[in-house]
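Fold and contact review
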Amino acid sequence: NWEARLQVGSQDEIGMLGHSINDLAASLQRYRDTRRAFFSNISHELRTPVTYLQGYAKVLKDGLVDSDKEKEQYLSIIYQESVRLEHLINDLFDLSKMEEGQIKLNMEWMDLKVTIKTAVQKVKLKAENKRLSIQIDIHDPIPLLRGDQKRMEQVLLNLLENAIRYTEKGSVLVRLTATKEATILSVSDTGIGIPEKELPYIFERFYRVEKSRAREYGGTGLGLSLVKKYVEMQGGTVRVASQMGVGTTFILIFTHEKKQRRGGIS
Ligand code: ADP
């Protein structure tokens with residue numbers, strides 16, 4: 001029973017140990033709760049796109065469409081839902097590999113400017129559907145970094161998809177700057193924000209802010225845990241700043257090694 005807590009009276013080493021054990025028990029309990037919620041959630045998450053795919057495919061198959069415009073609309077929904085399903089399956093796959101400690105990075109010199117443009121292109125339609133604008137603000141010169149381009153793209157996609165999902169109006173801004181010491185990539189939104197007391201937990205696997213809100217917005221609680229894992233595997237750190245009703249910014253910091261190459265493609 002993880003709810004059992006040690007009674008800690010003293011401030012000496014034994015007391016400190018007691019506090020550590022209590023912290024550990026609390027985080028294990030949180031993990032168990034969120035994991036349970038995850039499995040009931042994931043079946044819903046998988047079922048929703050499949051329902052759309054079947055429904056719209058059937059309408060098209062049975063010739064129940066009046067106009068080309070309508071047909072186009074349905075095909076576009078089918079496409080978007082299949083992309084959603086693909087992301088979900090990829091996240092689950094990555095999660096299982098991560099749990100077995102099997103994720104390997106393909107390290108190469110990568111140009112974050114290209115990664116940003118590719119990722120933004122992929123979520124553009126989603127943003128347009130919600131009438132949100134996405135801006136890119138790049139401050140040249142940006143050095144090439146050692147990293148895994150595919151994983152970095154996934155990191156950006158997860159952050160961008162969250163920014164779009166949790167924003168009702170306004171914009172999403174991707175910013176890239178470099179100083180001598182570090183390259184800094186941030187994704188900001190003008191969305192609903194994250195309560196301060198929840199900020200320490202959002203990078204935990206399966207963790208989702210407020211159950212009612214989580215249900216309303218969909219998602220799995222996996223995105224940010226993968227973001228953190230991938231960024232740290234590439235030597236970076238992740239920070240977050242958020243204000244309720246104002247917006248959220250995720251900041252990725254990659255400290256330069258001495259032998260870093262400068263330059264890159266504009
Ligand atoms: P989810 O699949 O639930 O989005 P994540 O791990 O990506 O899982 O995020 C964890 C939680 O953090 C989310 O449930 C959401 O409440 C909160 N969150 C993440 N990104 C944002 C954001 N840009 N704005 C507001 N809340 C966010």
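These notes cover the structure that comes with them. (Residues numbered from 1 in each chain as written. Predicted model: local features only at pLDDT ≥ 70, side-chain atom pairs only at ≥ 80, totals over all residues. Heavy atoms only, no water.)

1. Some remarks on the overall build of the protein
Helix and strand content of the protein: six helices and seven strands. The helix and strand sequence of the protein, counted from the amino end, reads α-α-β-α-β-β-α-β-β-α-α-β-β. Along the first, second and third principal axes, the C-alpha atoms of the protein reach 75 × 50 × 40 Å. A sequence separation of at least 24 residues applies to 72% of the contacts in the protein between residues at least 6 apart. Accessible surface, the protein as shown: approximately 15,800 Å² in total, 54% of it carbon and sulfur. (Helix = DSSP H or I, 4+ residues; strand = E, 2+ residues; numbered from the N terminus. Contact = heavy atoms within 4.5 Å. Areas by Shrake-Rupley, 256 points an atom, 1.4 Å probe, with all protein chains shown as cover.)

2. Here's the deal with the packing of aromatic side chains
Here a ring pair, both rings aromatic, is described through the centre-centre distance and the interplanar angle of the planes. Going through the model one piece at a time under the given rule, you end up with three aromatic pairs. Their ring planes at 10 degrees and their centres at 6.2 Å tell us that Tyr52 and Tyr56 sit as a pair that is stacked. A residue pair is termed a helical-turn pair when its members lie 3 or 4 positions apart in one helix, as Tyr52 and Tyr56 do in helix α1 (residues 13-61) at four residues. Seen from their ring centres, Phe203 and Phe250 are 6.1 Å apart, and the 90 degrees between their planes marks the pair as edge-to-face. You can see Phe203 sitting in the loop between β5 (182-189) and α5 (211-217) and its partner Phe250 sitting in strand β7 (residues 247-255), a full 47 residues away along the chain. Residue Phe203 is classed as buried on the basis of its relative accessible area of 16%. Take Phe250: its relative accessible area is 6%, and that puts it in the buried class. One residue, Arg146, lies across the ring of Trp109, its end atom 5.3 Å from the ring centre. (Phe/Tyr/Trp six-rings, centres within 6.5 Å; stacked < 30°, edge-to-face > 60°. Buried < 20%, exposed > 50% of the residue type's maximum accessible area, 1.4 Å probe, protein only. Lys NZ or Arg CZ within 6 Å of the ring centre and 35° of its normal.)

3. Thoughts on unusual backbone geometry
Asp140 connects to Pro141 through a cis peptide bond whose omega is -5 degrees. Note that Pro141 resides in the loop between β2 (133-138) and β3 (145-147). Despite not being glycine, Arg131 shows a phi value in the positive range, around 55 degrees. Residue placement: Arg131 occurs in the loop between α3 (112-129) and β2. Look at Arg131 and you get exposed, because its relative accessible area is 77%.

4. Description of the pattern of salt bridges
Within this structure, the stated rule accounts for ten salt bridges. Glu204 is paired through a salt bridge with Arg30; the nearest N and O atoms lie 2.8 Å apart. Here Glu204 is found in the loop between β5 and α5, whereas its partner Arg30 is found in helix α1, with 174 residues between them in sequence. Residues joined by salt bridges that share partners form a network here, namely Lys58, Lys61 and Asp62. (Salt bridge = Lys/Arg side-chain N within 4 Å of Asp/Glu carboxyl O.)

5. Points about the site of the ligand
The full set close to the ligand counts 20 residues, and Asn162, Tyr166, Arg208, Thr220 and Gly221 are the nearest of them. In this structure, an oxygen atom belonging to the ligand sits 2.8 Å away from a side-chain N or O atom of Asn162. Asp189 has a polar side-chain atom sitting 2.8 Å from a nitrogen atom of the ligand. When the free accessible area of the ligand is taken as 530 Å², the share hidden by the protein chains comes to 98%. Of all the secondary structure elements, the ones that give two or more residues to the shell around the ligand are α4 (149-165), α6 (223-233) and β7. (Near = heavy atom within 4 Å. Polar contact = N/O pair within 3.5 Å; in protein donor to acceptor, adjacent residues only side chain to side chain.)

6. Brief notes about the side chain of Glu81
Tracing the chain through its elements places Glu81 in helix α2 (residues 68-99). Beyond its immediate sequence surroundings of up to four residues, Glu81 is in contact with Pro49, Tyr52 and Leu53.

7. Side note on the pairing of strand β6 (residues 236-243)
Where β6 and β7 come together, eight bridges link them in antiparallel fashion. For Gly236, the partnering residue across the bridge sits in β7 and is Phe254. As consecutive antiparallel partners, β6 and β7 are separated by three residues, and within that stretch Gly245 has a phi angle of approximately 75 degrees, a positive value. (Pairing = 2+ DSSP bridges.)

In short, geometric facts, not functional conclusions.
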